[in-house]
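Per-entry structural report
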Amino acid sequence: MLRHMRVLVLTLACAAALAAHAQNAAAPEPIDIPPGDLVTALDTLARQSGAQFVYSADELRGLRTAGAKGTMTAGDALERLLRGSGHTLRRDGSGAMVIVRDAAPPAPKTDTPAPILSDSATQRPVVELESVQVTGSRIPRAQIEGPAPITVITAEEIKANGFTTVPDVLRAMTQNGGETQSQQSASGADFSPGAQQVDLRGLGPNHTLVLVNGRRIADFPMPFKGRSNFTDISNIPLGMVERIEILTGSASAIYGSDAISGVVNFILKKKADGTTVDLRLGDTSRGGGESFNLSLSSGFGKERFHAIYGVELLSQRPLWAYEREVQDSTQDAPTARARIARRAFLRTNWYDEYLDPGASTCAGLAHLNDGSTYYALRPGWGVDGEDGYYCGSDASIGYGTMTSRRKGVNSYASLGYSFDNGIDWFADVQLGYHELSMFRDVTQWSFQAPDGNEEGYFHNQATGDVEYWQRQFSPEEMGGLDRGMIRNRQKTFSISTGLKGDFGTAWSWETALSHSQYQSTISWPQIVAARANALFLGPQLGVDEDGFPIFDADPERLYTPLTRADYDDIAARTTYTPKSRTDTLSLTLTNTELFAMPAGEAGFAGTLEVGDQAYDLHPDPLATQYYYYSWRDSDGSGSRDRWAAAGELRVPLLDSLSVSAAARYDQYRYDGHSIDKPTWSSGLEWRPFDSLLVRGSYGTAFRAPDLHYVFSGEGNLESSGSDYYRCRTEEPDVDIGDCSYSDEGVIVTRSGNRRLQPETSKAYTAGLVFSPAANLDFSLDYFDIDLRNQVQDLRIDGVLQDEASCRIGTRVDGTPVDPASPTCIDALARVRRSTDGGLYGVFVNPINIARERTSGIDFSTHYKLETALGLFRFNGNYTWVRRHESQQYTGDLVEDQFAVNSGFDIPRTKASASLSWEKNRWTTTVHGERLGRLPNSDSYSEAYDPEDGGSPWIGATYRYNASLQYRFSERAQISLAVTNLFDKMPPRDATATGYPYYDISWFDATGRQFYLQYTHRFGGKAL
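Presented here is a report on the structure given in the accompanying data block. Note that the structure is a prediction, hence the values are computed from the model and not measured. Numbering of residues starts from 1 in every chain and runs along the sequence as written. Where local features are concerned, this predicted model is filtered to residues with pLDDT of at least 70; where side-chain atom pairs are given and counted, the filter is 80 or more; whole-chain, interface and lining totals use all residues. To obtain the side-chain values, all non-hydrogen atoms of the structure were included, while hydrogens and water were left out.

**Some words on the pairing of strand E23 (residues 424-438)**
Two strands are counted as paired when DSSP detects at least two bridges linking them. Strands are runs of DSSP state E lasting at least two residues, helices are runs of H or I lasting at least four, and both sets are numbered from the N terminus onward. As judged from the 14 bridges shared by strand E22 (residues 405-418) and E23, these two strands associate in the antiparallel manner. Bridged to Gly-408 within E23 is His-434. Counting the residues that bridge the hairpin from E22 to E23 gives five residues, and of these Gly-422 lies at a positive phi of roughly 90 degrees. Relative to strand E27 (residues 486-503), E23 runs antiparallel, the two being bridged by 15 bridges. Counted as the bridge partner of Asp-428 is Ser-496 from E27.

**So, the pattern of salt bridges**
Salt bridges are defined as contacts in which a side-chain nitrogen from Lys or Arg sits within 4 Å of a carboxyl oxygen from Asp or Glu. Applying the stated criterion across every chain, the model contains 39 salt bridges. Of the charged contacts, one joins Glu-467 and Arg-347 as a salt bridge, the two residues approaching to 3.0 Å between their closest N and O atoms. Of the two residues, Glu-467 is situated in strand E26 (residues 465-472) and Arg-347 in strand E18 (residues 342-349); the sequence distance between them amounts to 120 residues. Like Arg-347, Glu-467 is buried. The salt bridge partner of Asp-612 is Arg-581, with a shortest N-O separation of 2.6 Å. Remark: Arg-581 occurs in strand E31 (residues 579-597) and Asp-612 occurs in strand E32 (residues 600-616); sequence separation between them is 31 residues. Note on exposure labels: buried denotes an accessible area under 20% of the residue type's maximum, exposed denotes more than 50%, and partly exposed covers the range between, all computed with a 1.4 Å probe on protein chains only. The exposure class assigned to Asp-612 is partly exposed, which follows from its relative accessible area of 22%. Taken together, the shared-partner salt bridges in this structure form one network comprising Arg-216, Asp-258, Arg-703 and Asp-706.

**Re the packing of aromatic side chains**
The aromatic pairing rule takes the rings of Phe, Tyr and Trp, using the six-membered ring of Trp, and pairs them if the centres are within 6.5 Å, calling planes under 30 degrees apart stacked, those over 60 edge-to-face and the rest tilted. Inspection of the entire model under this criterion finds 37 aromatic pairs. By the ring-pair criterion, three or more aromatic residues cluster together here, those being Phe-220, Phe-224, Phe-230 and Tyr-518.

**Structural notes on helix H17 (residues 796-808)**
Expected helix span is given by 1.5 Å per residue-to-residue step, counting one fewer step than there are residues. Taking 1.5 Å per residue as the helical rise, H17 with its 13 residues ought to reach 18 Å, and the 18 Å between its terminal C-alpha atoms agrees with that figure. Counting buried residues along H17, ten of its 13 residues qualify, which places the element largely inside the surrounding structure. Count one or two residues on from H17 and you reach Gly-809, which has phi positive near 100 degrees.

**Things to note about the side chain of Asp-219**
You can see Asp-219 is positioned in the loop between strand E11 (215-216) and strand E12 (241-248). This buried residue, Asp-219, is left without a salt bridge; Arg-703 holds the nearest opposite charge, at 5.8 Å. Of the polar contacts made by the side chain of Asp-219, one reaches the side chain of Gln-613; its length is 3.2 Å. Note on definitions: a residue-residue contact is assigned when non-hydrogen atoms from the two residues lie within 4.5 Å. Leave out the neighbours within four places in its chain, and Asp-219 touches Asn-229, Phe-230, Thr-231, Tyr-518, Ser-580 and Gln-613. Residues scored as charged are limited to Lys and Arg (positive) and Asp and Glu (negative), so that His and the chain ends carry no count. We call two N or O atoms a polar contact when they sit within 3.5 Å, provided that within protein one can donate a hydrogen and the other can accept it, with sequence-adjacent residues counted only if both atoms are side-chain atoms.

**Thoughts on a nonpolar patch on the surface**
A patch is a set of surface residues, each over 30% in relative accessible area and not in a salt bridge, joined within 9 Å for like charges and within 5 Å for the nonpolar side chains Val, Leu, Ile, Met, Phe, Trp and Tyr. Accessible areas in this description were obtained via Shrake-Rupley with a 1.4 Å probe; residue shielding takes into account the shown protein chains only. Taken together, Leu-768, Leu-780, Phe-859, Tyr-878 and Trp-880 make up a surface patch of nonpolar side chains, about 400 Å² in accessible area. Tracing the sequence through the fold places Trp-880 in strand E45 (residues 870-887).

**What about the sheet that holds strand E10 (residues 208-212)?**
Spatially, the five strands line up as an open sheet ordered E9-E12-E13-E10-E11, and their pairing is mixed. Taken across any chain shown, the strands that pair with only one partner, and hence form the sheet edges, are strand E9 (150-154) and E11. Across five bridges, the pairing between E9 and E12 is antiparallel. When the sheet's bridge partners are listed, Thr-151 is paired in E12 with Ile-246.

**Topic: the state of the cysteines**
Disulfide: a pair of cysteine sulfur atoms within 2.5 Å of each other. Applying the stated criterion to the full structure yields three disulfides. Taken in N- to C-terminal order, the disulfide-linked cysteines of the chain are connected 1-2, 3-4, 5-6.

**A look at unusual backbone geometry**
The omega torsion of the bond from Tyr-995 to Pro-996 falls at 5 degrees, within 30 degrees of zero and hence cis. Among the secondary structure elements, Pro-996 is positioned in the loop between strand E52 (972-979) and strand E53 (1009-1018). With a phi angle near 60 degrees, Asp-370 is a residue other than glycine that sits in the positive phi range. We note that Asp-983 has phi near 55 degrees; this positive angle belongs to a residue other than glycine. Note on placement: Asp-983 falls in the loop between E52 and E53. For Asp-983, a relative accessible area of 16% puts it in the buried group.

The structure is reproduced here in structure tokens:
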């Protein structure tokens, strides 16, 4: 802590030197507002300058302005805009800029003093002009709400609600209803270590378009779950975010491919308000996971040039599973059968019967795994059904990170210059460098044949039996846990630059070139199969008559701890250097007065785009062979180019009625293929009176197939699955979690598909926004998204479920299954079994499945109450999903993803609410989230049996955050945020027999976290 405080003092000293360059609220800055509607011009001024005004909407409606252009203060620009309008600028007692009618002739003098203009004294209704919300349209508009629902989260709300990372912010969104990977996900560690996703409407991360300042950024260079491309949101600098805008629903007509379930647009700071320094320290009440974050933002303006810049430094220590009692041991498992020790040293015969090593042998290994290795048993797994003995450890399962170690820096700059001819140059630049490390599990070994066969059986000449050996390497043998870390070094770079200007009376243009790239160097710890085989088994002596390889292997070799030299001889690191990029050249034309209507001017925007996208996994060449134990990966690289043309029109038909329409045509070309798709959308806004907006939208959308779905080469990966066929036929009365075949190793073979077609969707929304009072509003919107030809990898578990049902002829619940159905024919061909009938492998690949559809309701409300006790604010959000259905093939049954035994893990409801109080120097906020019920492990595994009793659900869960802020002065502020205020642990699930015994897609065992933040501003406005 003392070291961190020294950093703070040094940073403040440096920031003081920069304060001379800081830009305050009264400093001149480039202003460019074309002639036109006065309210629209005020809206544009607010966006360009960051200033706020108080005015009467009714009084200004229909008035026009000559515009304002040049370098000037916000006040000077406002006065220019108001010239000839019959209104003038006045500052009230608090310094706020208030727009009022020009002064009337002097009234007769009376003894009554003239009232002082203030917010409370003015007799006319006023509104406060907020930041423009532009996501979902390229036409500048003054209306805060439009035809499609948009959620806006400001930087102030992010801080008040206790969020410290971008994933935290988006996880709290009620529309973010999809199952994504946590930092302790084994799949995430294998395929996309350190990356995190957003999944609007539960349609998959690749169906949510993520933008920064309205422009695309490069995908994470490794695929999500080894399948699809996606955007990593963990590297977006939260300290530089001004606001986040979320549009849910189809938006391809505006943004092109990917915007099927919605758009998340991160708007970074565009205005320097002095020099601001933020220091945040974080810790957990249960220990571990300490964090440090330091950010600095500033800027300056000089005549025609202005610049805003910022830098963010962060450091996060790992949180280990063994630091939490709920998952530090196999004894945390919910059933006795799952509480057995991990099999650190295991030897079996051909019949999978455990061969007893003897208590003295295990005693010689007791120092391993931090002294937790002992003579363990598994009931019924010994020879002839006796207890099976082995050397195991309860605690070694806790060697994994729940939160990754992360160190990094983010930097951002926004630059601009105004030329004499009225043309402006702009540029936004982002740079990021991060080093992450995480620990998935200790390395391990069993016999792997040169052809990759991992059944592991061999003929042991020393004993005369067919045997299987399994070995897990302890931290003591590995040389410490750090040697088993997965490491990821990330470099991100984005730049958008261009020119913009005006021509004619109301036309504006912008041409921009954007480039974004993401490069990583990722390395995983591995065991070299051939070297480990030789160390434990010696040289192969041939093959016996049954086809088993012959070794003369003394069992003592298995139970001998490795020296550091021994381990180094069989260990290695496999290193990938993946990269991805995206480039776009665009030209945009806008006209807010294309033609006149009786109710106002029609607005238009047109766009031309040319772009290119590419990725390359650059794997270790040895990783694509059978060189490393249980690891044969696929290569993947490819590119595609595209062009698009789009137009958007907004027409006010009546004072109370406006319609909008957009159309776009996209063409993608790759590998000799061409995919082209037109999309369109329309919207309606009806305001029967000022306090009510009735709205609706309809749109079509599409998504070109992911690059990795198309270009992935064939590869194998190790996974696990339940052999439902053997469980249902050989152990029909045993719960799937306790079945002997419930956790079988599976070799998954996967390859891409170059014949994929684009996904398409149709979506509509209908709703209303009602403001019965100036300090109260509600919104209620219905959504429906119908996704066709969706590209997905077949789910391993689903294939194994289908294979079992097709072999047996019925599902678990007794529903008949036709073995000649398309699903059965396909499933039976995909599952590979060994000669004894055991499960060996599954082949999967991406396909265009028939359909996925979701619909439901979003509700939100905002309330503000000013009292003598202070200002109270309340925000509430609720999402209810009416249905979420999918169909794998045409002709198959439609699956209800909320049904029992559906195999899906999504909530039907999510809710969040925040209550804030402000008075004088104090501000406090309580934020709560409710996650609706989820399927338990049995239901998710499609193994729940109603006759066993109990519920197939995990009940709804609640989490709360709280924050307290105190302003020492106008320049200094301290805040304390507490997340998971009541230190809630994940809900217990009696059927979750797989480690860590809870649903890591939605929960973690981090517990209560504290964040202490100090903010200091030099120059600019008060905090």
